[in-house]
Amino acid sequence: VFKRVTTLAEAEILRTIRNDCREYMTRSTDYITTEQQHQWFVDAHKKYELYIAYAIEHGAVVVDAGFGVIHKNEHEFLLTGGLLTPFRDRGLGKVIFKFLIDQCTKTLPIRLEVLKSNTRAFKTYEALSFKVTGENDRLYFMEYQYDSVI
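Computed from a predicted model, the values in this text were never measured in an experiment.

So, how was this worked out
- Per chain, residue numbering runs from 1 following the sequence as it is written.
- Selection of residues for local features in this predicted model requires a pLDDT of at least 70, selection of side-chain atom pairs for listing and counting requires 80 or more, and totals for whole chains, interfaces and linings are taken over all residues.
- To obtain the side-chain values, all non-hydrogen atoms of the structure were used and water was disregarded.
- Runs of H or I in DSSP of at least four residues are treated as helices and runs of E of at least two as strands, each being numbered from the N terminus.
- Here the globule rule reads 2.2 Å times residues to the power 0.38, and the radius of gyration is calculated from C-alpha atoms.
- Each residue's exposure class comes from its accessible area (1.4 Å probe, protein chains only) as a fraction of the maximum for that residue type: buried when under 20%, exposed when over 50%, partly exposed otherwise.
- Whether two residues are in contact is decided by their heavy atoms: any pair within 4.5 Å suffices.
- Accessible surface area values rest on a Shrake-Rupley calculation with a 1.4 Å probe, where residue burial reflects the displayed protein chains alone.
- Counted as positive: Lys and Arg. Counted as negative: Asp and Glu. His and the chain ends are not counted at all.
- Charge positions come from single atoms, namely NZ of Lys, CZ of Arg, CG of Asp or CD of Glu.
- Only the contacting stretch of a helix is used when fitting its axis, a line to C-alpha atoms as for every element, and angles between N-to-C directions run 0 to 180 degrees.
- Angular relationships are summarised with four words: roughly parallel below 35 degrees, roughly antiparallel beyond 145, roughly perpendicular across 65 to 115, and oblique for the angles in between.
- We call a crossing left-handed when the near helix sits turned anticlockwise from the far one by less than a right angle, and right-handed when that turn is clockwise.
- Each helix should span, by expectation, one fewer than its residue count multiplied by 1.5 Å.
- Put simply, two rings from Phe, Tyr or Trp (the six-membered ring, in Trp's case) pair if the centres are within 6.5 Å, and we call them stacked under 30 degrees between planes, edge-to-face over 60, tilted for the rest.
- Criterion for a charge above a ring: Lys NZ or Arg CZ within 6 Å of the ring centre, and within 35 degrees of the ring normal.
- Here the nonpolar core consists of buried residues drawn from Ala, Val, Leu, Ile, Met, Phe, Trp, Tyr and Cys, with membership extended through side-chain atoms lying within 4.5 Å.

**Let's talk about the overall build of the chain**
Here's step 1: Each helix and strand in the chain was counted, giving four helices and seven strands.
Here's step 2: Along its sequence from the N terminus, the chain presents helices and strands in the succession β-α-α-β-β-β-α-β-α-β-β.
Here's step 3: Its C-alpha radius of gyration of 15 Å places the chain within 12% of the 15 Å reference for a compact globule of 150 residues.
Here's step 4: Over its C-alpha atoms, taken along the principal directions, the chain stretches across nearly 35 × 35 × 30 Å.
Here's step 5: Taken across its 150 residues, the chain has 39% of its residues classed as buried.
Here's step 6: Sequence separation of at least 24 residues holds for 53% of the intrachain contacts in the chain that already meet a minimum separation of 6.
Here's step 7: When the accessible surface of the chain is totalled, it reaches about 8,400 Å², and 52% of it is carbon and sulfur.
Here's step 8: Each charge sign in the chain was given a centre, from 20 positive and 20 negative side chains, and these centres are 2 Å apart.

**Considerations on the packing of helix α1 (residues 8–21) against helix α2 (residues 34–47)**
Here's step 1: Orientation of α1 relative to α2, taken along the N-to-C sense of each, is 125°, at an axis distance of 10 Å. Here α2 runs oblique to α1, going by the angle between their axes. At the point where α1 passes α2, the crossing takes the right-handed sense. Seen from α1, the contacting residues are Leu8, Ala11, Glu12, Leu14 and Arg15; seen from α2, they are Thr34, Gln37, His38 and Phe41.

**Observations regarding helix α3 (residues 92–103)**
Here's step 1: For α3, which comprises 12 residues, the first-to-last C-alpha distance of 17 Å matches the rise-based estimate of 16 Å (1.5 Å per residue) to within 8%.
Here's step 2: Taken as a whole, α3 has its buried residues at Gly93, Ile96, Phe97, Phe99, Leu100 and Ile101.

**Some details on the packing of aromatic side chains**
Here's step 1: With the rule as written, the count across this model stands at eight aromatic pairs.
Here's step 2: Aromatic side chains Phe2 and Phe99 sit 3.9 Å apart centroid to centroid with 5° between the ring planes, which places their arrangement in the stacked category. Taken together, the positions of Phe2 in strand β1 (residues 2–4) and Phe99 in helix α3 put the pair 97 residues apart, joining distant regions of the chain.
Here's step 3: Note on Phe2: relative accessible area 25%, which makes it partly exposed.
Here's step 4: By relative accessible area, Phe99 is classed as buried at 19%.
Here's step 5: Between the aromatic rings of Tyr125 and Phe130, the centroid separation amounts to 6.1 Å while the plane-to-plane angle is 65°, which identifies the pairing as edge-to-face.
Here's step 6: The structure contains a cluster of three or more aromatic residues connected by ring pairs, namely Phe97, Tyr125, Phe130, Tyr144 and Tyr146.
Here's step 7: A cation sits over an aromatic face here: Lys116 above Tyr140, 5.3 Å from the ring centre.

**Focus: the nonpolar core**
Here's step 1: Counting residues in hydrophobic clusters, the biggest one holds 38 residues, and the most contacted among them are Leu79, Phe97, Leu100, Ile110, Tyr125 and Phe130.
Here's step 2: Where this core is concerned, the elements lending two or more residues are α1, β2 (48–57), β3 (60–72), β4 (77–83), α3, β5 (110–115), α4 (119–127) and β7 (139–144).
Here's step 3: Excluding residues within four positions of it along the chain, Phe130 makes contact with Leu79, Ile101, Ile110, Arg111, Leu112, Tyr125, Met142, Glu143 and Tyr144.

It is worth stressing that arrangement in space is one thing and function is another; only the former is reported here.
Put into structure tokens, the structure is as follows:
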């Protein structure tokens, strides 16, 4: 289940999840404080589509499990996301990114970045029809292939 982040309380949940995942972030891996998150959120919810992913077990929403972000600019949709440690290796990453892909229109490329060391995420993105379009010493740059069937 996905919930669009629209309040400061929800932004705080997103911050907590993101901080748990920060070692896998491709840009800033710094710890984000509550004050930093609130400052960022003032404008962020206008520029980004922010989502919290909730885990469902036995038919009931259990707890927040991850997050997803879509940043749309004039050239692309850039996706990012992450999962809390207890929810990794359960297929939820694929569910989150499939959801994010489905939120994007087919008018612009859908791209993401992944650490070369994060082979688990890389395999997930490949399974979702992302292809490597470039790389540097730390990252693979990937783009979704619209003509693929997921």
